[in-house]
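Notes for the structure review
Below, each chain spelled out in residue letters.
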Amino acid sequence: MIVLWIAYSIIFCAGVVARGSSSLEQRVAALRSHDDSWPLMNVSSCPGYTLSDLEETDDGVSARLTLAGSACNAFGHDVANLTLRVTYETQSRLHVNIFDTAEQQYTIPSDVVALQPGTGDASFKKNSEFKFHYDEKPFAFWVTRRDEPDAQPIFDTRAKSLPPTPIPPVIGNDTRTALDGFPLVFEDQYLQITSALPLNANIYGLGEVLASFGFRHDIGLDGGVGTIQTMWARNIPDPIDQNEYGSHPFYLEHRYNSTTRRSKTHGVFQFGAAGSDILLLTPPSSPVSLVEYRLLGGTLDFYFFSGPSPQEVIEQYGQLIGLPTWQPVWGFGFHLCRWGYANVSETREQVDKMREANIPLEVMDVFMKNQNGSEYLGQMWPGYTVFMDWFANNSQLVWSEAIANWSTSVNFSGIWLDVNEPTSVCAGSCGTGANLSAATIPTSHFPGEPGNAVTEYPEGYNSTLWGPSGNITINGTLTFGNNSADFPGVTFPPTKRGLGSAGLPVEDLNTPPYAIHNGDPSIADNTVSPNATHQNGLVELDVHNLWGMMEEKATHLALLSLRPNLRPFLISRSTFPSSGNWTGHWLGDNISKWRYMYLSIQGVLQFQLFQIPFVGADTCGFQGNTDEELCGRWMQLSAFMPFYRNHNVRSALSQEPYRWDSVANASRTAIAVRYSMLPYWASWFYTLFANASMHGTPTVRALFFEFPDEPELFSVDRQFLIGRDILVTPVLTPNVSTVDGIFPGQGRSTWRDWYTHEVLNASILTNTTLPAPLGHIPVHVRDGAALLLHAAPAYTIAETRAGPYELLVAQAADGYAFGTAYMDDGESVPPTPNSTLVVRAQTGRVSVEREGTFLIEQRLEKVTVLGAAGAAPMAVRVNGAKVGNWTFDAGVERLVVGGLGVDLNGRVVVEWA
């Protein structure tokens, strides 16, 4: 298969269409003339709001909010009149929206992100799982579970629930983490709202981020300093604890009651595109932790999801923003690529084809503009670059035509969308009036080219001793950390934050009065400037975080128009809520270091929350040089991730899995397991990717998702589950032959080794040490699992699918096991003919039944039952007929029935006694 790489709109155009300045820009100019002292840079004098004119609606309430005193104009101009609208949308979803009554602030329209509307069912006001409460003056609100009225609210903005202010900077010397006060602030360029959280709350989500503290966010206790998650998409090679490619203002909170020993989970989603900071902090001596939202615009539009399980919260969020797209089955194969560049002359040829097809690009008016109406021209690898304006009326037409024209010269199977934050390496419209045919970026700027070669040797490696091979051992001596001047140890302390300084002056839209914690000095750096304009008069400041998602949507629709019956295949870098409707994702430009292999696990777990389940890392690392051991371990780990790709930068050490014998052997084993599991990955009801597309169920799961009442699992992010049944414990450090892992269930679950089928004698509540020699990744299967597998994993997905099936059943102590597997052609856009195989087991019996109309050509060759009995059975029957081709291993209680060749289109029953 060929996947086409599109970095951005590399379309050159000199046309000019006059546009007016944005309404936000005009408001900023008016503010400056209004008060020379504006802004105050402090919210302590902000008066909050008073609620009045409360009106009961069929499915909620609405009210008026008016400024409760003199405007503070802290970081903008206070909006005097707001509207509160509360809607019980479903039994499990509550919508609380605070917006400016004049509706001048930007809100995301439904044609950009189509949220599922509420049901309008009036009964939810009385039987919703949530209850909305409010104080009138100053206005504050809190949300409780209806069945737990006295428990700590899940969201609580009351001053009495928050610590007294002012509070000095909570994180180091970063003055922006000082907490001057907690009033509701609603200004045209700054919004703020704060909620109390349980002390040391379990918070997950709020990304995209590689967090030094782990998948569970740093809340400011247990040795942490807190979290500042900035929502501003930017092109940056996988920094730690900073904003990067995508923006997802959704979090899951998991609460454990130590008295009842039970947990409940809920979710909170702030629906908006504005650049923002979301702070998770615990002030000194505070009885509560905090979540504080600081937005550069938009509205305060919140959705609450009641769960009460982690899986249900994630599914409820998916029902609101849209469920993941169906993946073509070939996309689950192993992808191998090296970094390259689009040929600029070929790109120009494509533009010429578009002109020949009677699409005059200047007239179509589909690119972003400067405020004076001229084309906004940035810089990227091909030179001067224009950027698609996805709000333009003709953008979909032009994009679809461009992809259709490309398809005439490149027979691609899918598209890879890169640097779509979007990215520009110059500040402002740097190409206006310039010679557009000139090469503006020297080749030395390109990673891997002469002048910018990748010269750093692998982590922990001393090239003066070991030469250029990257091998694990040389002459029998381990190379990692052995007399290495570059890396003396193997511990990975958390990276300290570089948060910069506060109080940036007001200059223009590119430097709003409140400076969010963008990893670059300015939000105008390394991207399209926030003062660029769109066809509908919007400025980029308000819609920047939407660009990548809108490109994904346009590309998905373009592929559907080109191939209406085939599932589009996309992977993309910049994402936003609802991106999973259109694309998968890779975790960006990571680094060839052991720490980044570990961080890839939390990245994949994050995107399960964000409803983008098809996700994975650049295996073996993209930047820098990998080595034999790191690459081998990483190839094994990634084989159990949804998207599996080995990819690295030009001129780095080659890292194809066949470069080292040990990596090749480890990869063959891991890929064979992956391909055998393909029916499990792609099945329908209650499991994995089809279930993700139907219900929003996460495919890869943190351990506490499945075992929510086990506190020892809440911070575990070095292991993960595939669905509910497969536990993976990868090796994440060098020079070791064992790995520690915890096994959920607190002794109530039985875990068997995937390879040997032996029952693991696991420690309870603590880690178990597992053998993990080079080339081996520990994998365990849970009791109660019934897995349809490919019996003969082959070189490609197509060859594998053409072969026979086998069934692996791991019975629980009472004989129970259950599983399903979805069958279709693997490529057609649903609804398409399909069948579902339902596997049920009880003591002495396994049955397989087909539901649906899709005919299954492959036969079932073998059935393996674990926990079948303590002694060999007297007889085995298949569909009532006694068979002799079976074996029994009492040591693992394993019954294997082979040579079946039975038709899966009819009922299959295997019995033993």
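On a predicted model such as this, the values are computed, not experimentally measured, just so you know. (Residues numbered from 1 in each chain as written. Predicted model: local features only at pLDDT ≥ 70, side-chain atom pairs only at ≥ 80, totals over all residues. Heavy atoms only, no water.)

Remarks on the overall build of the chain
Secondary structure assignment for the chain yields 16 helices and 47 strands. Here the chain, with 913 residues, has 62% of them falling under the buried criterion. Contacts in the chain between residues at least 24 apart in sequence constitute 71% of all its contacts with a sequence separation of at least 6. With an accessible surface of roughly 32,500 Å², the chain has 51% of that area assigned to carbon and sulfur atoms. (Helix = DSSP H or I, 4+ residues; strand = E, 2+ residues; numbered from the N terminus. Buried < 20%, exposed > 50% of the residue type's maximum accessible area, 1.4 Å probe, protein only. Contact = heavy atoms within 4.5 Å. Areas by Shrake-Rupley, 256 points an atom, 1.4 Å probe, with all protein chains shown as cover.)

Digging into the nonpolar core
A general tendency of soluble globular proteins is for nonpolar side chains to be buried together. Grouped together as the largest cluster of nonpolar side chains are 135 residues, with contacts concentrated most on Leu546, Phe640, Ile726 and Trp754. Among the elements that make up this core, the one with the highest residue count is helix H10 (residues 594–609) (10 residues). The residues touching isoleucine 726, leaving out its near neighbours within four places in the chain, are Met677, Tyr680, Phe720, Leu721, Trp754, Val779, His780, Val781 and Leu787. Counting residues in each nonpolar core, the second largest holds 42 residues, with Val86, Phe124, Met231 and Val268 among its members. (Core = buried A, V, L, I, M, F, W, Y, C linked by side-chain atoms within 4.5 Å.)

With respect to the packing of helix H11 (residues 628–638) against helix H12 (residues 661–676)
A packed helix pair is summarised by two numbers, namely the angle formed by the two axes and the spacing between the axes. Contact geometry of H11 with H12 gives a least axis separation of 8 Å together with a crossing angle of 5°. Taken together, H11 and H12 sit at an angle that is classed as roughly parallel. Two secondary-structure elements touch here, H11 through Glu628, Cys631, Gly632, Met635, Gln636 and Ser638 and H12 through Ser662, Val663, Ala666, Ser667, Ala670 and Arg674. In terms of residue class, the contact of H11 with H12 is made up of five nonpolar, five polar and two charged. (Axes fitted to C-alpha atoms, helices over the stretch in contact; angles between N-to-C directions. Parallel < 35°, antiparallel > 145°, perpendicular 65-115°, else oblique. Nonpolar A, V, L, I, M, F, W, Y, C, P; charged D, E, K, R; others polar.)

Some thoughts on the packing of helix H6 (residues 395–407) against helix H9 (residues 547–562)
As a packed pair, H6 and H9 sit with axes 9 Å apart at the nearest point and diverge in direction by 55°. For the element pair H6 / H9, the angle class is oblique. Between H6 and H9 the crossing geometry is right-handed. Counting all contacts with H6, which are made through Gln396, Trp399, Ser400, Ile403, Ala404 and Ser407, the residues of H9 involved are Glu551, Lys553, Ala554, Thr555, Leu557, Ala558, Leu559, Ser561 and Leu562. Here the residues of the contact of H6 with H9 sort into eight nonpolar, five polar and two charged. (Left-handed = near helix turned anticlockwise from the far one by under 90°.)

Considering the sheet that holds strand E6 (residues 130–135)
The three strands lie next to each other as E6-E7-E8, forming an open sheet whose pairing is antiparallel. Each edge of the sheet is formed by a strand with only one pairing partner; in this case those strands are E6 and strand E8 (155–156). In the sheet, E6 pairs with strand E7 (residues 140–145) via six bridges, with the strands oriented antiparallel. Note on E7: the bridge partner recorded for tyrosine 134 is phenylalanine 141. (Pairing = 2+ DSSP bridges.)

A word on helix H14 (residues 688–695)
Judged by how many residues are buried, H14 sits mostly within the fold: six of eight residues are covered. Buried within H14 are the following residues: Leu688, Phe689, Ala690, Asn691, Ala692 and Ser693. Buried residues belonging to H14 abut helix H13 (678–681) and strand E30 (720–722). Where H14 ends, the next residue or the one after it, glycine 696, has phi of about 85°, a positive value.

Focus: the sheet that holds strand E15 (residues 276–281)
Reading across from one edge, E9-E10-E16-E15-E12 is the order of the five strands in this open sheet, with antiparallel pairing throughout. In this open sheet, the two strands that pair with only one neighbour each are strand E9 (185–186) and strand E12 (227–231). Here E9 runs beside strand E10 (residues 191–197); their pairing, made up of two bridges, is antiparallel. Paired with phenylalanine 186 across the strands is leucine 191, a residue of E10.

Observations concerning unusual backbone geometry
The amide bond that connects threonine 165 to the next residue, proline 166, takes the cis arrangement and shows omega of 5°. Topologically, proline 166 is positioned in the loop between E8 and E9. For the bond running from glutamate 421 to proline 422, omega is -5°, close enough to zero to count as cis. Relative to the helices and strands, proline 422 resides in the loop between strand E21 (414–417) and helix H7 (463–466).

Points about the pattern of salt bridges
Applying the stated criterion across every chain, the model contains 28 salt bridges. Note that glutamate 148 and lysine 264 form a salt bridge whose closest N and O atoms lie 3.3 Å from each other. Remark: lysine 264 occurs in strand E14 (residues 262–270) and glutamate 148 occurs in the loop between E7 and E8; sequence separation between them is 116 residues. Linked through salt bridges whose partners overlap, the residues forming this network are Asp418, Glu421, Arg573 and Asp589. (Salt bridge = Lys/Arg side-chain N within 4 Å of Asp/Glu carboxyl O.)

Comments concerning the state of the cysteines
Counted under the stated rule, the structure contains three disulfides. Cysteine 46 shares a disulfide with cysteine 72; S-S distance 2.0 Å. Classification of the bridge connecting cysteine 46 and cysteine 72 rests on its S-S torsion, roughly 75°, and on that basis the disulfide is right-handed. Here the residue cysteine 46 occupies a position in the loop between helix H1 (23–34) and strand E2 (49–57), and cysteine 72 occupies one in the loop between strand E3 (60–67) and strand E4 (81–88), the gap between them amounting to 26 residues. The pair formed by cysteine 46 and cysteine 72 is uniform in burial state, with each residue classed as buried. Each sulfur of the disulfide joining cysteine 620 and cysteine 631 lies 2.2 Å from the other. (Disulfide = S-S within 2.5 Å.)

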